[in-house]
Amino acid sequence: MFTQPLVPVGNNLVLSFLLAASPIIVTLILMGVLRRPAWQATLGGLIIGLVMAVAVWGIPSSLAFASVSNGMVFSILPVMWIALSALFLFNIAIQTGRFDAFRMWIITHLPNDRRIMLVVLGFCFSAALEGVAGFGTPVAITSALLIMLGFPALEALTYVLIFNSAPVAFGGLGIPITVLASITGLPATTLGSTIGLQLAPFACLIPFYVMALYAGWRSVKQLWPVLLVAGGSFAVTMVVVSTWITYSLSNVLSSSISLVATILFLKFWQPVPDPAYAVDEAYLAQAPAQTGHWSGPHWQGWIPWIVVVLVVILWDSLHIAKIGATPVHWPGLDQQVFISLYQKPYAAVWNFEPLGTGTAILVSALLTALITRISPQKFWAALKTTARQGWLAVITVALTIGLAFLMNYSGMTYTLGYAVASTGILFPFVSVFLGWIAVFLTGSDTSGNALFGNLQVAAAHQLSLDPVLFASANSAGGVMGKMISPQNITTGVAVTSLKGQEGVVLARTFKHSIFLTLLMGLVVVFQQYVLH
């Protein structure tokens, strides 16, 4: 059995931390500075990770490659199975003309103002998709819609990635919190309530923040009522549902109420028209017949999204994902690594769920195809387009999560966590960066909670701090890393002209990710030292 060293480099924790972080640093530099495609950047990070894991941390090469293969298989099922199924639903909506119908519904029912459309779609609508799908697909679908309304691709992706933060902790019907509770042994209801309180200020802030980036403070002053309705209704609903109802429905209900409240509010209040932000005439017309052959009522543009929300909620309530689920103990890796930090063997179990969330979304796509009576030719075209859009994302995500698993099993990740937990009085402020690192690596708040949830609790006990607060901080900090995760960005660019230019997107979002994570750190400090 391989025992993970926590400080492998001459008993020097700082140097060990820097070497453990080197795969992340290399990936960030290749993507954000050298502007290499995400698959090249993550491949570079994986190569550096293998060198460090074997040569410095001393993991046997057989275990190193077994951990990478485990991560790559996990990246396909469930992660990319969910993403590809959602992309397939998107392409069916495109082929049947329902996506264009949805665009026309938005144009008809909202003011002719790109700023308003950015809030309603980028924040409210993408949050609703995050509640059932996640893994970058809300970014891809919403960005594509904004591009169809005249937004440049880079702007659309950047702003939707920033919006895709506060909803993440309760995404997938609250799975990140369910996993955090099972890992830490803390009550899921208490964790959900605490995370809701941590993220509520950000849910209210994000619409103002993005509007300031997009259109400046003058537009914030002009649009503050609708920004407050969108962010405020989301924040209040999130706190109420996560505290007094059930955290699993927090994101679905928050985003739905925010979407409905914002659209209804715009029936009674609208900003003074600004020609600078009016949608260009070229984007206001119905799409040509060959892109969808649909000239019916625009409300049918909602069909794909209503179907997927209802199916996923029903799927979860009936526990269909558990049917046929089989735990696979990974050969040559399961129980072969000893975690020094937690003093226990490291399990390597891949949960094979043929009827998981990805299958629920695929069923939604097939139901949408039946309801909209898609022709066999267009169904096949949607399938081919999904394969063309998704193959590079599959490779990139496999490399990214392969690296994450390698760092986990070699002990590199635990060295990072141990170093952060050793900061003493600064720990409340920097604890959120543990979740940030984990979500950057895995693209998943769920995986980040599984990775560092226990560490946060152990460090909190050692420092006589509130364990619930810091377990929650791991999840709340992790959501700010979502906007720079190679997995999230790669899936997001799959349907745009920026495919292969993920580094350009990362360079735009990185500073916002750091800034918002620092703000979250201040919130945690306030909760620990002022409210307790």
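Note that residues are indexed from 1 along each chain, following the sequence as it is written. For a predicted model such as this one, the threshold for reporting local features is a pLDDT of at least 70, and the threshold for listing and counting side-chain atom pairs is 80 or more; totals across whole chains, interfaces and linings nevertheless cover every residue. Side-chain calculation: all heavy atoms of the structure are included, whereas hydrogens and water are not.

Enquirer: What should I look at first to understand the packing of aromatic side chains in this one?
Expert: Any pair of aromatic rings gets described here by the distance separating the centres and the angle formed by the planes. Between the rings of Phe, Tyr and Trp (Trp by its six-membered ring), a pair exists once the centres lie within 6.5 Å; its type follows the angle of the planes, with under 30 degrees stacked, over 60 edge-to-face, and the other angles tilted. For the structure shown, the criterion picks out 26 aromatic pairs. A centroid spacing of 5.6 Å and a plane angle of 75° characterise the contact between Tyr 159 and Tyr 214, whose relative ring orientation is edge-to-face. Here Tyr 214 lies in helix H9 (residues 188-245) and Tyr 159 lies in helix H7 (residues 153-163), a separation of 55 residues in the sequence. When a residue's accessible area, from a 1.4 Å probe over protein chains only, is under 20% of the maximum for its type it is buried; when over 50% it is exposed; and in between it is partly exposed. Given the relative accessible area of 5%, Tyr 159 is considered buried. With a centroid separation of 6.4 Å and an interplanar angle of 35°, the aromatic rings of Phe 405 and Tyr 409 are classed as tilted. In this description a helix means any DSSP run of H or I spanning at least four residues, a strand means any run of E spanning at least two, and both kinds are numbered starting from the N terminus.

Enquirer: So what exactly am I meant to see when it comes to the side chain of Thr 490 here?
Expert: Within the secondary structure layout, Thr 490 lies in helix H19 (residues 486-493). Discounting residues that sit within four places of it in the chain, Thr 490 has contacts with Ala 38, Leu 392, Ala 393, Thr 396 and Glu 502. We call two residues in contact when some of their heavy atoms are within 4.5 Å.

Enquirer: Please clarify how the environment of Gly 324 should be interpreted in this entry.
Expert: Relative to the helices and strands, Gly 324 is located in the loop between helix H11 (303-317) and strand S2 (326-329). Overall, the relative accessible area of 45% leaves Gly 324 in the partly exposed class. Distance in space between the C-alpha atoms of Gly 324 and Ile 183 is 24 Å, their sequence separation being 141 residues. Non-local contacts of Gly 324, meaning those with residues more than four positions away in its chain, are made with Phe 352 and Pro 354.

Enquirer: Explain the sheet that holds strand S3 (residues 337-339) here, please?
Expert: What links the strands of a sheet is backbone hydrogen bonding, and the strands pair in either a parallel or an antiparallel sense. The strand order across the open sheet built from 3 strands is S1-S3-S4, with neighbouring strands paired in mixed fashion. Across the chains shown, the open sheet's two edge strands, defined by having one partner strand only, are strand S1 (2-3) and strand S4 (344-346). Pairing between two strands requires that DSSP report at least two bridges joining them. In this structure, S1 lies alongside S3, joined through 2 bridges in parallel fashion. Note that in S3 the partner of Thr 3 across the bridge is Phe 338.

Enquirer: Please clarify how the environment of Tyr 418 should be interpreted in this entry.
Expert: By the secondary structure assignment, Tyr 418 is in helix H14 (residues 412-421). A sequence separation of 221 residues divides Tyr 418 from Leu 197, and the C-alpha atoms of the two residues are 27 Å apart. What Tyr 418 contacts, discounting residues up to four positions off in sequence, is Leu 6, Val 7, Leu 13, Leu 341 and Leu 455.

Enquirer: What is the right way to read the pattern of salt bridges from this model?
Expert: Pairing is possible between side chains of opposite charge, provided their charged atoms come close. Each salt bridge in this description consists of a side-chain nitrogen of Lys or Arg and a carboxyl oxygen of Asp or Glu lying within 4 Å of one another. As enumerated under the stated definition, the model contains 3 salt bridges in all. With its nearest N and O atoms 2.7 Å apart, the salt bridge here joins Asp 113 to Arg 115. Arg 218 is paired through a salt bridge with Asp 274; the nearest N and O atoms lie 3.2 Å apart. You can see Arg 218 sitting in helix H9 and its partner Asp 274 sitting in the loop between helix H10 (250-268) and H11, a full 56 residues away along the chain. We classify Asp 274 as buried; its relative accessible area is 14%.

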